[in-house]
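Residues per chain, in single letters:
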Amino acid sequence: MVDATFEERVMRGAVEPAPIVVAPGDGIGPEIMGATLSILEAAGASLDLKPIRVGEAVYHAGHSSGIAPEAWDDIRERKIILKGPITTPQGGGVKSLNVTLRKTLGLFANVRPCIAYDPYIPVRHPHLDVVIVRENEEDLYAGIEHRQTDEVVQCLKLITRPGSEKIVRFAFEYARRRNRKKITCFVKDNIMKLTDGLFRSVFEEVAAEYPDLKADSMIVDIGMARLANAPELFDVVVLPNLYGDIVSDIAAEISGSVGLAPSANIGGKYAMFEAIHGSAPDIAGQDVANPSGLLLSAVKMLAHLGQGDVAERIHNAWMVTIEDGVHTADLHRSGTSQRKVGTRGFAEAVVERLGEKPTHLRVISYASETMPSIEPARRPRAEKALVGVDVFVHDGDSDAEELAGQLQEAETEALRLVMITNRGVKVWPDGFPDTFHTDHWRCRFQPEASGASVSHADVVTLLSRLGEKGIDFIKTEHLCTFDGQPGFSLGQGQ
Ligand code: NAD
């Protein structure tokens, strides 16, 4: 028996409307959301919509995350969010709603397809067709920052094995399901050997399980440069949070307009779909914004909800609209465009073309979009040994030699001073006298016998002696080996 279409299944009551929450957002948000929902309705999407209050007005009402408390109940119940852009108020005391939603709901994968629609939207790279899969919860976005001394502030970069495994596995599964051929990982593991090194080694382990897909890794700086100059070399790119944030904006920009690119934020239980652009206050309320980014995000949402036929209908009608040269102001070029339309006019043009297929642009199929749930493998715990401690010290008065003398006075039987670095550069012993230094010193203590282990009590004794000597220690990091392998950098700076 031939599978019934989604429409036929809706008609005979076989498809329950999918419950979702809708957040129109700020600035151009309500306009592009209105346009998007009108197209979804006309295309026969089966949705049960519940609006929630998020954004500027909620911030101003005193909720520092920009989300009304009762909205959490609706999100917990419905699990899928279609969201417009939010204006984040300037100044301290407020948190980014996007970061809050991503982290609270465990939306670990941010998927951003960037495609060229040349010659209808002329771009420098007509063969651009790349999907950026950005890790969404970790890295420098953990938001753990401290001011430690007069001169130094710190932001912790956290990369975890399960977090890396989830995003990398997701990228491979996505590629397989979307019939993509190659995954490239961008990292900076020549410098950040432990953090980015972990991400890359997880990538290589997972890649070995997908022999049908090509996999390679690049250093992020040259990777980004190549992507900007020759995007046709890439297919799916997977990367940690910060690099992903930057690369996906570059890829979206070279695809023609920031108003075009959709994104899906996917987690184990929840998912959120939104355009990548912001609330564009400069054009809000003028009926000129391009609703395509949000519309194509909603298309991804429909595919995720199992309404792939409707997703296809809308995406294909959208491409016909683009091919017909019916363009919003951001895309309109004399010569290639036929008609300049506003937000509403564009939505009407897409609705008029529902059921049509593009002539030259690739016809889209969403048959296999639904992602499996991804659980990282639990590994046996490593044999861990404490072999020393890095004590970070605030001292704006001493040079490296003077500081070393004071620290040596506080040495214990178990822990001896072996090295001092400043901003990661070794300044004692045998420092280079002209090395610039700040008031922030990393002082490494280890046992005299190489490789011997120490106890927590040994570290506490050292710290209390440092305290007695008036040394202002500001934090410690334990030096551990895991199954005999050092879990710390050597500290020479690169
Ligand atoms: P923006 O993306 O809002 O605007 C950048 C430029 O692109 C502007 O010239 C704007 O007119 C144009 N533009 C954006 N979307 C467009 C569209 N759909 N059609 C046509 N032109 C479009 O970035 P911004 O100005 O840096 O940020 C404005 C506000 O949005 C800020 O408060 C920022 O915090 C917020 N923001 C929110 C999100 C989000 O909610 N996901 C993302 C980025 C920025």
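Residues numbered from 1 in each chain as written. Predicted model: local features only at pLDDT ≥ 70, side-chain atom pairs only at ≥ 80, totals over all residues. Heavy atoms only, no water.

1. Some thoughts on the overall build of the protein
The secondary structure content of the protein amounts to 14 helices and 20 strands. For the C-alpha atoms alone, the extent of the protein along its principal axes is close to 80 × 50 × 45 Å. When the 494 residues of the protein are sorted by exposure, 51% land in the buried category. Of the contacts made within the protein by residues no fewer than 6 positions apart, 76% connect residues no fewer than 24 positions apart. Accessible area for the protein stands at about 22700 Å²; split by element, carbon and sulfur atoms hold 51% of it. If you average the places of the 52 positive and of the 69 negative side-chain charges in the protein, the two averages end up 4 Å apart. (Helix = DSSP H or I, 4+ residues; strand = E, 2+ residues; numbered from the N terminus. Buried < 20%, exposed > 50% of the residue type's maximum accessible area, 1.4 Å probe, protein only. Contact = heavy atoms within 4.5 Å. Areas by Shrake-Rupley, 256 points an atom, 1.4 Å probe, with all protein chains shown as cover. Lys, Arg positive; Asp, Glu negative; His and termini not counted. Charge placed at Lys NZ, Arg CZ, Asp CG, Glu CD.)

2. Regarding the domain arrangement of the protein
Segmentation of the protein into domains returns domain 1 (21-105 + 273-281 + 288-303 + 314-365) and domain 2 (384-486). On a C-alpha basis, the centroid separation for the pair domain 1 and domain 2 is 53 Å. (Domains from an automatic or database assignment.)

3. Quick notes on the environment of Lys166
Relative to the helices and strands, Lys166 is located in helix 6 (residues 161-177). For the pair Lys166 and Pro380, spaced 214 residues apart in sequence, the C-alpha separation works out to 18 Å. Once residues lying within four places of it in the same chain are set aside, the contact partners of Lys166 are Phe108, Glu137, Ile374 and Pro376.

4. Some points on the environment of Ala225
Relative to the elements of secondary structure, Ala225 occurs in helix 8 (residues 220-229). Given the relative accessible area of 40%, Ala225 is considered partly exposed. On a C-alpha basis, the gap between Ala225 and Val247 in space is 9.7 Å, while along the polypeptide they are 22 residues apart.

5. Considerations on the sheet that holds strand 9 (residues 214-219)
Pairing is mixed across the open sheet formed by 10 strands, whose spatial order is 2-1-3-12-11-4-5-10-8-9. Both edges of this open sheet fall to strand 2 (47-51) and strand 9, since each of them pairs with a single strand only. On average, adjacent strands in this sheet sit at an angle of 25 degrees to one another, irrespective of strand direction. The sheet contacts of helix 7 (residues 195-207) involve strand 8 (182-187), strand 9 and strand 10 (236-239), and relative to strand 8 the element is tilted by about 165 degrees. (Pairing = 2+ DSSP bridges. Axes fitted to C-alpha atoms, helices over the stretch in contact; angles between N-to-C directions.)

6. Some points on the site of the ligand
The environment of the ligand is made up of 21 residues, and the closest members are Ile86, Asn98, Gly278, Ala280 and Asn290. Here a nitrogen atom of the ligand and a side-chain polar atom of Asn98 are 2.9 Å apart. Within the backbone of Gly278, one N or O atom sits 2.7 Å away from an oxygen atom of the ligand. Of the residues in the shell around the ligand, the class split is 9 nonpolar, 8 polar and 4 charged. (Near = heavy atom within 4 Å. Polar contact = N/O pair within 3.5 Å; in protein donor to acceptor, adjacent residues only side chain to side chain. Nonpolar A, V, L, I, M, F, W, Y, C, P; charged D, E, K, R; others polar.)

7. Digging into the packing of helix 10 (residues 292-304) against helix 11 (residues 308-323)
How two helices sit against one another is set out by the angle between their axes and by the gap between those axes. Direction vectors running N to C along helix 10 and helix 11 enclose 155 degrees, while the axes themselves pass 7 Å from each other. Put simply, helix 10 runs roughly antiparallel to helix 11. Remark: the crossing between helix 10 and helix 11 carries left-handed chirality. Residues Ser292, Leu295, Leu296, Val299, Leu302 and Ala303 of helix 10 form the contact with helix 11, whose participating residues are Gly308, Val310, Ala311, Ile314, His315 and Trp318. (Parallel < 35°, antiparallel > 145°, perpendicular 65-115°, else oblique. Left-handed = near helix turned anticlockwise from the far one by under 90°.)

8. Remarks on the sheet that holds strand 20 (residues 485-486)
Taking strand neighbours across the sheet as the criterion, the 6 strands line up as 17-16-18-15-19-20 in an open arrangement whose pairing is antiparallel. Unpaired on one side and paired on the other, strand 17 (425-428) and strand 20 mark the two borders of the sheet. Relative to strand 18 (residues 440-446), strand 16 (residues 416-422) runs antiparallel, the two sharing 6 bridges. Across the sheet, residue Thr421 finds its bridge partner in strand 18, namely Arg442. Strands strand 15 (384-394), strand 16, strand 17 and strand 18 of the sheet are contacted by helix 13 (residues 400-409), whose axis makes an angle of about 150 degrees with strand 16.

9. A look at the nonpolar core
In this structure, Ile314 and Trp318 are the most contacted members of the largest nonpolar core, which totals 76 residues. Ranked by the residues each element gives to this core, the list is headed by helix 10, at 8 residues. Excluding residues that lie within four positions of it along the chain, Trp318 makes contacts with Tyr117, Leu260, Ser292, Leu295, Leu296, Phe346 and Val350. In terms of nonpolar packing, the next biggest core, distinct from the first, is built from 24 residues, Val427, Trp441, Cys443 and Val454 among them. (Core = buried A, V, L, I, M, F, W, Y, C linked by side-chain atoms within 4.5 Å.)

10. Let's talk about unusual backbone geometry
Phi is mostly negative for residues that are not glycine, and the peptide bonds are mostly trans. In this model, Asp118 is joined to Pro119 through a cis peptide bond whose omega is 5 degrees. With a phi close to 60 degrees, Asn179 is a non-glycine residue in the positive phi region. With respect to the helices and strands, the residue Asn179 is situated in the loop between helix 6 and strand 8. In this model, Arg423 sits at a positive phi of 55 degrees, which is unusual for a non-glycine residue. Mapped onto the elements, Arg423 comes out in the loop between strand 16 and strand 17.

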